[in-house]
Each structure stands twice: as structure tokens, then as C-alpha cells.
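# Report on the structure
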Amino acid sequence: MKITEYIKQNTVYLDGGMGTLLQARGLAAGELPERWNITHSDIVTGIHKSYYDAGSNVVNTNTFGANILKFSHEELEEIVKSAIDNVRAAMKQSEGEQPKWVALDIGPTGRMLAPYGDFDFEEAVSVFSETVRLGARYGADLVFIETMNDSYETKAALLAAKENCDLPVFVSNAYGEDGKLMTGADPYAMVAMLEGMGADAVGVNCSLGPQALRPVVEKYIECASVPVMLKPNAGLPKVKNGRTVYDVAPDEFAADVSELVRLGVRAAGGCCGTTPEYISAVVRATKGITPLPLTSKNITCVSSYTHAIVFGDAPVLIGERINPTGKKRFKEALKANDMDYILKEGIAQEEKGVHILDVNVGLPDIDEVRMLKNAVCELQAIIDLPLQIDTSDAVAMETALRRYNGKAMINSVNGKRESMDAVFPLAKKYGGLIVALTLDESGIPADAQGRLAIAEKILTEAEKYGIDKKDIIFDPLALTISADNKAAAETLRAVEMIKTRLGCHTSLGVSNVSFGLPERDIITSSFFALALGRGLSAAIMNPYSAEMMKTYFAYRALAGLDDNCAGYIEFAQNMPKQETVTVSAGVTAEAKPSEYKSELQRAVVKGLKDRAAELTAQLIGMVEPLRIVQEEIIPALDIVGEGFEKKTVYLPQLLMSAEAAKSAFEKIKSAMPGDKAADKCRFVIATVKGDIHDIGKNIVKLLLENYGFDVTDLGRDVSPEEVVETVINLKAPVAGLSALMTTTVPAMEDTVRLLHERAPWCKVVVGGAVLNPEYAEQIGADKYAKDAMETVRYAEEINNSLN
């Protein structure tokens with residue numbers, strides 16, 4: 001029986017930790033555990049057998065970090081083959097009578113994907129693909145992607161699995177204490193993307209213990225239609241008698257996990273600090289629990305890299321301005337490849353309150369495939385709104401969907417056979433909410449009944465591809481009343497019929513209804529109100545139109561969607577501060593009070609690299625360079641940094657602001673004698689011996705440099721001796737150490753100890769997913785920093801103490 005069939009009716013038991021067990025059996029600090037599949041196969045097989053004996057149904061291969069970034073192709077093949085052979089041998093040796101499967105374990109690469117790092121998305125797909133192909137070749141039963149803390153890397157791994165094997169794929173992410181991934185995604189966003197791409201089970205592992213992860217798990221259970229998995233840590237780590245131990249005992253762990261199984265978790269195991277004893281305790285605690293039925297949650301949504309937008313809760317506004325139709329300046333920007341213009345248009349609409357951005361860059365004179373991909377990637381780098389990818393070019397659509405970080409809105413399909421044949425396979429592969437236009441080879445039906453018939457035809461065809469109606473939103477097409485005074489009435493009837501008879505959501509490009517008429521906003525906003533009253537779910541609209549926004553906020557208040565009318569009151573109070581002059585439909589002149597001291601500050605905060613560099617170049621010559629740094633750039637970084645600390649700004653936005661500041665700094669450096677931009681103390685930074693994960697380190701480095709620190713980056717997999725020697729040579733007053741894996745924490749402890757012995761003046765700050773304040777204190781660190789901004793704050797304390 002396949003695991004996907006078994007899990008529908010049964011609770012599946014997963015395995016527990018591997019790294020700490022290998023350490024207990026002699027794995028040295030910095031030694032790569034994957035090589036033990038070959039050199040110590042008996043030990044690895046014994047650990048696998050102990051998990052099967054404890055009751056595990058699924059045991060993961062010892063391949064968490066097995067990829068071509070660490071190993072040659074030849075060695076990687078030997079490692080993966082040996083790893084699968086070891087689990088198979090354990091399966092045969094175990095006397096457990098439960099069904100058993102072998103999972104190919106895939107962990108993160110440790111590299112940050114572009115645009116926040118230097119690792120291209122397709123490179124990541126290629127790295128994961130190599131491991132997946134080997135796993136499938138040598139007999140894995142399923143692929144288990146785990147401990148992913150970036151939604152984009154998660155997508156790369158899942159895409160690689162889907163493209164290179166036909167095995168079931170389980171995907172598990174690592175959440176922080178704030179209930180989000182490192183790069184900002186919440187559970188709804190991850191479930192939307194992963195289910196859309198066809199993951200067979202989704203879940204949560206690592207980072208925290210079962211109680212701390214409970215809020216995240218509950219959200220998964222609330223929104224996931226596929227089985228939900230849980231592999232928590234055994235609480236928090238600490239050092240006891242020179243060994244790393246965890247603070248949640250097996251029985252307590254099992255009791256916490258069993259509560260979540262009762263709520264709907266379908267697959268349970270453990271991560272860091274858990275052993276076969278923990279799994280055995282979980283099996284005992286949950287054996288009598290009847291699994292809750294798996295049910296479709298029927299949620300219509302899209303997502304970005306941070307959050308999901310759910311249709312049906314309240315009207316959804318889709319900003320229409322990134323579209324060249326009728327916009328001379330936008331056409332010029334596209335032809336000139338002026339991406340900053342597009343980005344500023346996106347930011348402006350975001351500030352106006354839209355929930356989704358429509359992105360259409362189709363012009364006869366440009367390479368739409370390249371431009372659409374670039375526009376999607378650049379917009380997602382600085383804006384966390386979901387995008388509606390708007391093109392009739394199937395190649396451009398696929399290229400953009402492939403690169404999109406989340407579950408996109410796909411605009412559009414229609415009832416023509418050619419359209420459905422082109423769009424449905426893309427939606428099935430990449431996921432997405434499909435906008436379906438109610439037209440076919442015969443054109444647009446004049447009446448609502450004809451449009452309903454086309455909608456039914458589209459649903460029937462989509463079902464053949466396995467696309468559920470929750471992933472289709474219909475556009476029954478608003479036509480101009482200047483040509484047919486019955487046109488609006490029929491569209492409104494179609495909106496209502498599609499909602500009540502088909503149970504589907506609807507979207508309209510509302511401004512079309514007023515085409516050819518004077519004072520179009522009057523007609524458009526009134527039609528919008530009527531459509532909302534008939535059940536319209538979303539509108540593609542001009543957010544600069546005061547009349548449209550009045551209608552939106554008034555409807556929310558009148559429909560009971562605005563608690564205490566708070567949204568309406570805030571909107572109404574701000575109305576006098578906004579002077580919006582409508583020139584024509586979709587074209588506005590706008591004045592809004594700035595929340596920033598200057599345009600340069602705004603460019604840095606919003607992550608506009610080219611604009612920040614341009615504005616800085618203009619200021620140089622009029623303002624002393626260091627004044628630009630102190631009065632413009634640093635305050636802008638502080639705005640973003642404070643937002644990050646308050647959880648109102650996410651890591652990608654923090655990084656893009658830092659990149660914009662970096663662009664400004666480059667202009668300043670070129671105007672200054674020597675290198676006076678780095679005016680603060682030296683800071684040595686490294687990822688410790690045996691650990692090749694340098695995402696956190698690179699983020700810290702970027703921010704420190706922007707705040708004026710003289711950073712020496714030693715890279716990753718750095719020995720204690722090299723760190724100490726560099727600190728001594730530079731007389732650096734502070735050093736930063738990073739580690740992601742439990743197996744490399746001993747190397748961090750060795751480095752801290754050696755620094756205190758040989759460079760006692762140097763303060764040591766540590767960070768990484770496996771650390772916490774207590775653990776950091778126990779290994780002798782002077783400071784634990786939970787994120788990059790806390791490292792910056794600590795470095796500033798050190799720097800100020802030197803002056």
C-alpha cells in the first residue's frame with residue numbers, strides 16, 4: 001500500500017532526531033553526518049532500526065544535507081544509495097509489524113535565494129533535482145522535504161521533486177516563535193502554495209517544542225485539506241555535563257503531541273533532541289485515538305511570500321495600474337526597461353490599500369516573457385502583496401508562475417478549447433487561482449444564462465485536470481452601458497447566478513462599464529456598489545479613484561464587515577488630507593502627505609535600489625556625504641529595523657532596504673577620500689566549523705555594513721583557530737558566530753572558549769536556529785541575538801563603549 005492511501009485512514013508515525021544520536025555515537029564536531037552512511041553504516045542502520053522498533057511507519061534517510069553543493073556527483077550518488085540501503089536493512093531487521101516506508105530526507109541548502117541572496121531559483125531547483133533523481137533511482141518510497149524556513153526554497157525543492165519523480169512528497173517547514181518562517185510566511189501562505197503545487201502532506205518541524213508550535217499547527221489544521229504533520233523538537237536545548245540535552249521529557253512530549261493528534265494531526269514524530277524513546281511514547285499515547293476525517297476546507301485564496309488573501313471574507317481589491325492599456329507613460333517605461341517606474345506604481349497602489357496587484361506588461365514591441373518574469377521578481381522583492389499574473393502568452397505565463405513566490409492569481413482562461421488546453425496544465429503544475437472569463441468561440445453571450453453555461457463548461461473541463469472549483473474565480477465580464485443599456489444588468493445577474501448556483505467566486509474589471517461616458521467614476525463606483533450587493537468577491541479597479549474607495553469602505557461598514565466601523569472612520573478622517581483629481585478613468589494626479597523625511601528615505605525604506613542611488617548622487621555636492629549617511633540613510637534603516645523588531649516588517653523587506661542603502665553607500669564611498677563610510681569598530685563574523693549554512697551570517701553582515709561597521713567575513717565552515725587568529729590580528733572588539741545544525745553547536749562552543757582564552761577583550765555574539773539565550777549562555781557566549789537587528793543593536797553598544 002502507498003503511504004498516501006494509508007495516511008487517509010490512519011495516524012502515521014514518523015521518526016525522530018538523527019544528529020544528536022550520531023554525536024552520541026562518535027560523530028565529531030564539524031564532521032558531515034551524511035558520510036556515515038558509507039563509513040559507519042552499521043551505526044546508522046541501528047538508529048533507523050530503533051525507530052522502526054519504536055513504532056515508526058516512516059523513517060527518513062540520513063541525507064538531510066546531501067546535495068551537490070557539499071559533495072561531488074559521485075560521492076553524492078554513493079551517499080544516497082547507501083542511505084536508502086541502510087533504511088531498507090533496518091526495515092528488514094526490525095520486528096515491528098506496522099507498515100513501513102523509506103523517506104528520502106531533503107533539508108535546506110543553507111543558501112539564500114535571489115533577490116535576497118546570490119543563489120538563483122533555478123540553481124536551487126537543479127541542486128534538489130539531483131538528490132531527488134538519486135532517491136527515486138535507488139528505491140525511496142516518498143520524498144520528505146523538511147526544516148525549510150524560506151517559502152521560495154521550499155517551492156524550489158517541491159518543484160524539483162514533482163519534476164523528477166512520481167513519488168509522494170511530504171513538506172514540512174520550520175517556524176519561529178512569531179509563527180512565521182524566517183522570510184515571513186505564515187501557515188496560511190504556506191498551505192496555499194504547497195497544496196496548490198500538489199504536496200501530499202504538509203506540516204511543521206524543528207525550531208520549538210510541541211506546546212510552542214501548537215498555534216502554528218492549529219492554523220495548519222484549520223486551512224489544510226491534505227494531511228498535517230508534526231515533528232517538534234524535544235523543547236529547548238541546554239548544556240548539561242558537556243552534553244546537549246533538551247528540556248521536554250518523552251512522556252510530556254507525547255502528551256502534548258497526542259493533544260494535537262486529537263485535533264487533527266495525521267502524522268507525528270520528532271526532530272532535534274528526540275530519540276526512539278520519544279517516538280515509542282507518542283505511539284503509546286495516541287494508539288487509541290481515532291483519526292479525524294480528512295476534509296476539503298474549500299478555501300479560495302491566493303498568497304504571497306508572507307500571507308494569503310482569502311476570497312469570501314470581504315471584498316478584495318485588485319490594483320489595475322500595472323498595465324500599459326491607455327497609459328502612455330507606462331508604455332514608455334516598458335520600452336525603456338524602466339523597472340523603477342513599475343515598482344513605484346506597485347508601491348503606490350499598496351499604500352492605497354489594494355490587496356492584490358495585477359501585473360500586465362504586454363506590448364508588441366517588447367520581450368514579454370523576459371519582462372513579465374522580471375516584473376514579477378522585482379515586485380515580489382519589495383512588496384508582499386499577492387500578484388495577479390495577467391497575460392495571454394502561455395510561455396510568459398509559465399515563466400512568471402515558475403518564479404512566483406506563493407500561489408498566484410492567473411489571469412486568465414476562457415471557454416475556448418485552445419485557452420483551457422494552455423492554461424489548465426500550468427495551473428495544475430504551479431498552483432494558482434484561475435480567473436475564468438465567461439466567453440468562448442462564439443464570443444460573449446448577451447445574457448447571464450449564456451455566461452453561466454460557459455462557466456459550467458469551464459468547471460467541467462477543469463475537473464478533468466484535477467482542478468477544484470475553489471481554485472477558479474469567474475469574471476462574467478462588465479460591458480459598457482454606452483453601447484447597451486442592459487449590459488450592466490446582465491452582468492449583475494451573472495454575478496449572482498454564478499455565486500448561488502455554482503458556489504463560485506467572481507471578479508470584475510468594473511471600469512469597463514463606464515467606457516465612453518463622461519465623469520466615469522460616478523457610473524463605475526455605483527456599478528461597483530450594485531455588484532458587491534449581488535455577491536461580487538473581487539474587483540480589478542483604480543485605487544486612486546476616491547469614489548471607488550468611498551464605495552468600498554462604505555460597503556464594508558454597511559455589510560457588517562468593519563468592526564466598530566473602524567476602517568471607514570479612518571478612511572473618512574484621512575479624506576481631507578488627500579487631494580485626488582480624476583483626469584480620466586484610470587489616470588489620476590495624487591497628493592499624499594509623506595511619512596518620510598525625504599524621497600531618499602522613502603527609497604531606502606521601500607527597497608528601491610536604483611532610485612536610492614540616483615537620489616544620493618543628486619545630493620552629493622550639495623550635502624556633505626557623511627551627513628547623508630547620518631541624516632538620511634541611517635534613519636531610514638532605523639525605520640525598517642524598528643518595524644522588523646515589531647514584526648510589522650519581514651526579512652525580505654529588511655534585506656531589500658539594506659540593498660537600497662548599500663546602493664546609496666556606493667555613491668557616497670566614491671565621493672569620499674579613502675573608505676570613511678565604515679566609521680565604526682571591526683566585527684569578525686563566521687559560520688562555525690562543519691556548518692555550510694550562511695544565510696543568517698550574510699544577513700547580519702549586510703546590515704552591519706550599512707550601519708557603518710568594518711566587517712570581516714570569514715565565510716562558512718570556519719575553524720575555531722581561524723576565527724581566533726583573525727580577531728587577534730585585527731584587534732576586533734566583537735565577533736559573531738552562526739550555526740544552524742545541532743551537530744555543529746560543539747564547534748561553536750569550542751570557538752567561544754578559544755576566543756575567551758586567547759582574545760579576552762573580544763565579545764562574542766551567537767545566533768542560529770538551534771540556539772536560545774540559555775543555551776548561548778551555557779556555551780559561554782556574551783550575547784545571544786535572535787535576529788540580525790539585535791546583532792546590530794549589540795554591536796552599537798560595543799562600539800559606543802569604545803568611544
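This one's a predicted model, so the numbers in the text were calculated from it and none came from an experiment.

Two quantities define a packed helix pair, namely the angle between the axes and the distance from one axis to the other. Where helix α26 (residues 695–706) meets helix α30 (residues 788–802), the closest approach of the two axes is 9 Å, and the angle between their N-to-C directions is 45 degrees. Of the possible angle classes, the one that applies to α26 and α30 is oblique. Considering only the axes of α26 and α30, their crossing is right-handed. Across from Ile699, Val700, Leu703 and Leu704 in α26, the residues of α30 making contact are Ala788, Met789, Thr791, Val792 and Ala795. A breakdown of the residues in the contact of α26 with α30 according to their chemical character gives 8 nonpolar, 1 polar and no charged.

Turning to the sheet that holds strand β2 (residues 58–60), a few remarks are in order. In any sheet, the strands associate via hydrogen bonds between backbone groups, in a parallel or an antiparallel arrangement. Sheet architecture is open: 8 strands sit in the order β1-β10-β7-β6-β5-β4-β3-β2, paired in parallel fashion. A single partner strand is all that each edge strand has here, and the edge strands are β1 (12–13) and β2. Pairing analysis gives 4 bridges linking strand β3 (residues 101–106) to strand β4 (residues 142–148), with the strands arranged parallel. Within the sheet, the bridge partner assigned to Leu104 lies in β4 and is Val143.

Below, the discussion takes up a negative patch on the surface. A surface patch of like charges, here negative, comprises Asp247, Glu252, Glu774 and Glu777. Looking at the secondary structure, you find Glu252 in helix α10 (residues 250–263).

Quick look at helix α18 (residues 487–502) now. Taking 1.5 Å of rise per residue, the 16 residues of α18 would be expected to cover 22 Å, and the 22 Å separating its terminal C-alpha atoms lies within 8% of that figure. Looking only at α18, the buried set comprises Ala487, Ala488, Glu490, Thr491, Leu492, Ala494, Val495, Met497, Ile498 and Leu502. In the core, the buried residues of α18 are packed alongside α17 (448–464), β18 (472–475), β19 (505–509) and α19 (520–533). Gly503 occupies a position one or two residues after α18 and carries a positive phi of about 70 degrees.

Attention now moves to the pairing of β18. Every second residue of β18 is oriented toward a common face, with Ile472 and Phe474 on one face and Ile473 and Asp475 on the other, all of them buried. Pairing of strand β17 (residues 433–437) with β18, which is carried by 4 bridges, proceeds in the parallel orientation. Residue pairing in the sheet places Leu437 in a bridge with Asp475 of β18. Traced from β17 through α17 to β18, the parallel crossover comes out right-handed. Pairing geometry for β18 and β19, over 2 bridges, is parallel. Considered in β19, the bridge of Ile473 is made with His505. Tracing the backbone out of β18, into α18 and back to the parallel element β19 gives a crossover that is right-handed.

Here we take up helix α12 (residues 328–335). Inspection of α12 places Phe330, Ala333 and Leu334 among the buried residues, and these make up the whole buried set. Buried residues of α12 fall within an arc of 100 degrees about the axis and therefore sit on the same side. With respect to the buried face of α12, the exposed residues turned more than 90 degrees away are Lys328 and Lys335. Tucked inside the fold, the buried residues of α12 contact β13 (316–322), α13 (339–352) and α14 (368–382).

Within the structure shown, the criterion is met by 46 salt bridges. Residues Asp53 and Lys49 are paired through a salt bridge, measuring 2.6 Å at the closest nitrogen-oxygen approach. Of this pair, Asp53 and Lys49 are both found in helix α4 (residues 41–54), 4 residues apart, which corresponds to roughly one turn of the helix. Among the residues examined, Lys49 registers a relative accessible area of 25% and is labelled partly exposed.

Quick look at the packing of aromatic side chains now. Applying the stated criterion to the full structure yields 9 aromatic pairs. Ring centres of Tyr552 and Phe553 lie 5.0 Å apart, and the angle between their planes is 75 degrees; on these two criteria the pair is classed as edge-to-face. A single burial state applies to Tyr552 and to Phe553, both of which are buried. Centroid distance Phe553 to Phe571: 4.5 Å. Interplanar angle 15 degrees. Geometry classified as stacked. Linking Phe553 in helix α20 (residues 546–558) with Phe571 in helix α21 (residues 566–574), this pair joins segments that are 18 residues apart in sequence. Classification of Phe571 as buried rests on a relative accessible area of 13%. Here the aromatic cluster, defined as three or more aromatic residues joined through ring pairs, consists of Tyr552, Phe553 and Phe571.

On to the confidence of the model for the chain, then. Note: predicted coordinates in regions of low pLDDT should not be interpreted at a detailed level. In the predicted model, the chain carries a mean pLDDT of 93, and the fraction of residues at 70 or more is 97%. Low pLDDT, under 50, characterises residues 578–593; the predicted model gives this stretch 29 contacts beyond four residues in sequence or across chains.

So, on to the layout of surface pockets. The gaps of empty space that remain are located by a probe, the size of a water molecule, rolled over the atoms. Taken as a whole, the second largest pocket spans an internal volume of roughly 1,100 Å³. Elements that contribute at least two residues to the lining of the second largest pocket include exactly β13, α15 (394–403), β16 (409–414) and α16 (417–430). With 4 residues, the single largest contributor to the lining of the second largest pocket is α16. The class makeup of the residues in the lining of the second largest pocket is 11 nonpolar, 15 polar and 11 charged.

Ala114 connects to Pro115 through a cis peptide bond whose omega is 10 degrees. In this chain, Asn411 is followed by Ser412 through a cis amide linkage whose omega measures 20 degrees. For Ser412, the position within the fold is in strand β16. Despite not being glycine, Ser207 has its phi angle at roughly 70 degrees, a positive value. As for its position among the elements, Ser207 is in the loop between β6 (201–205) and α9 (210–223). One non-glycine residue with positive phi stands out, namely Asn298, at about 55 degrees. With respect to the secondary-structure elements, Asn298 resides in the loop between α11 (276–286) and β11 (301–303). You can call Asn298 partly exposed: its relative accessible area is 49%.

In space, the 5 strands of this open sheet follow the order β24-β23-β25-β26-β27, with parallel pairing throughout. Either end of the sheet is taken by a strand with one partner, and the two such strands are β24 (710–713) and β27 (783–784). Its contacts with the sheet put helix α27 (residues 720–730) on β23 (682–687), β24 and β25 (734–738), and the angle it makes with β23 is roughly 170 degrees. In this fold helix α28 (residues 745–758) packs onto β25 and β26 (763–767), with an angle of close to 170 degrees to the strand it touches most, β26.

A separate point is empty space enclosed by the protein. Evaluation of the coordinates by the stated rule reveals 4 cavities of 30 Å³ or more. In this structure, the second largest cavity encloses a volume near 40 Å³. As for the second largest cavity, its lining consists of Thr63, Phe64, Gly65, Ala66, Asn67, Asp105, Ile106, Gly107, Phe128 and Thr131. Of all the secondary-structure elements, those providing two or more residues to the lining of the second largest cavity are β3 and α6 (121–137).

Time to look at the environment of Leu32. By the element assignment, Leu32 lies in the loop between α2 (19–24) and α3 (36–39). Here the alpha-carbon distance between Leu32 and Gly65, two residues 33 residues apart in the chain, equals 8.5 Å. Residues contacting Leu32, with those up to four places away along its chain left out, are Leu27, Lys70, Phe71 and Gly690.

This brings us to the environment of Lys647. Relative to the helices and strands, Lys647 is located in the loop between α24 (625–645) and α25 (651–670). Residue classification places Lys647 among the partly exposed residues on the basis of a relative accessible area of 40%.

One can find Lys783 in strand β27. Lys783 gets classed as partly exposed once you look at its relative accessible area, which sits at 24%. As for Lys783 and Pro773, which are separated by 10 residues in sequence, their C-alpha atoms are 7.8 Å apart. Those residues in contact with Lys783 that lie beyond four places of it in its chain are Val764, Val765, Val766, Glu790 and Tyr794. Side chain to side chain, Lys783 and Glu790 meet in a polar contact 3.0 Å long.

The rules we used
- Residues numbered from 1 in each chain as written.
- Predicted model: local features only at pLDDT ≥ 70, side-chain atom pairs only at ≥ 80, totals over all residues.
- Heavy atoms only, no water.
- Axes fitted to C-alpha atoms, helices over the stretch in contact; angles between N-to-C directions.
- Helix = DSSP H or I, 4+ residues; strand = E, 2+ residues; numbered from the N terminus.
- Parallel < 35°, antiparallel > 145°, perpendicular 65-115°, else oblique.
- Left-handed = near helix turned anticlockwise from the far one by under 90°.
- Contact = heavy atoms within 4.5 Å.
- Nonpolar A, V, L, I, M, F, W, Y, C, P; charged D, E, K, R; others polar.
- Pairing = 2+ DSSP bridges.
- Patch = residues over 30% accessible without salt bridge, like charges linked within 9 Å, V, L, I, M, F, W, Y side chains within 5 Å.
- Areas by Shrake-Rupley, 256 points an atom, 1.4 Å probe, with all protein chains shown as cover.
- Salt bridge = Lys/Arg side-chain N within 4 Å of Asp/Glu carboxyl O.
- Lys, Arg positive; Asp, Glu negative; His and termini not counted.
- Charge placed at Lys NZ, Arg CZ, Asp CG, Glu CD.
- Expected span 1.5 Å × (residues − 1).
- Buried < 20%, exposed > 50% of the residue type's maximum accessible area, 1.4 Å probe, protein only.
- Right-handed = clockwise from strand over helix to strand, strands pointing away.
- Arc of directions from axis to C-beta.
- Phe/Tyr/Trp six-rings, centres within 6.5 Å; stacked < 30°, edge-to-face > 60°.
- pLDDT = per-residue confidence, 0-100.
- 1 Å grid on protein atoms, 1.4 Å probe; cavity = no way out; pocket = protein on both sides within 12 Å on 5 of 7 lines; lining within 4 Å.
- Points joined across faces, edges and corners; volume = space filled by probe spheres on them.
- Polar contact = N/O pair within 3.5 Å; in protein donor to acceptor, adjacent residues only side chain to side chain.

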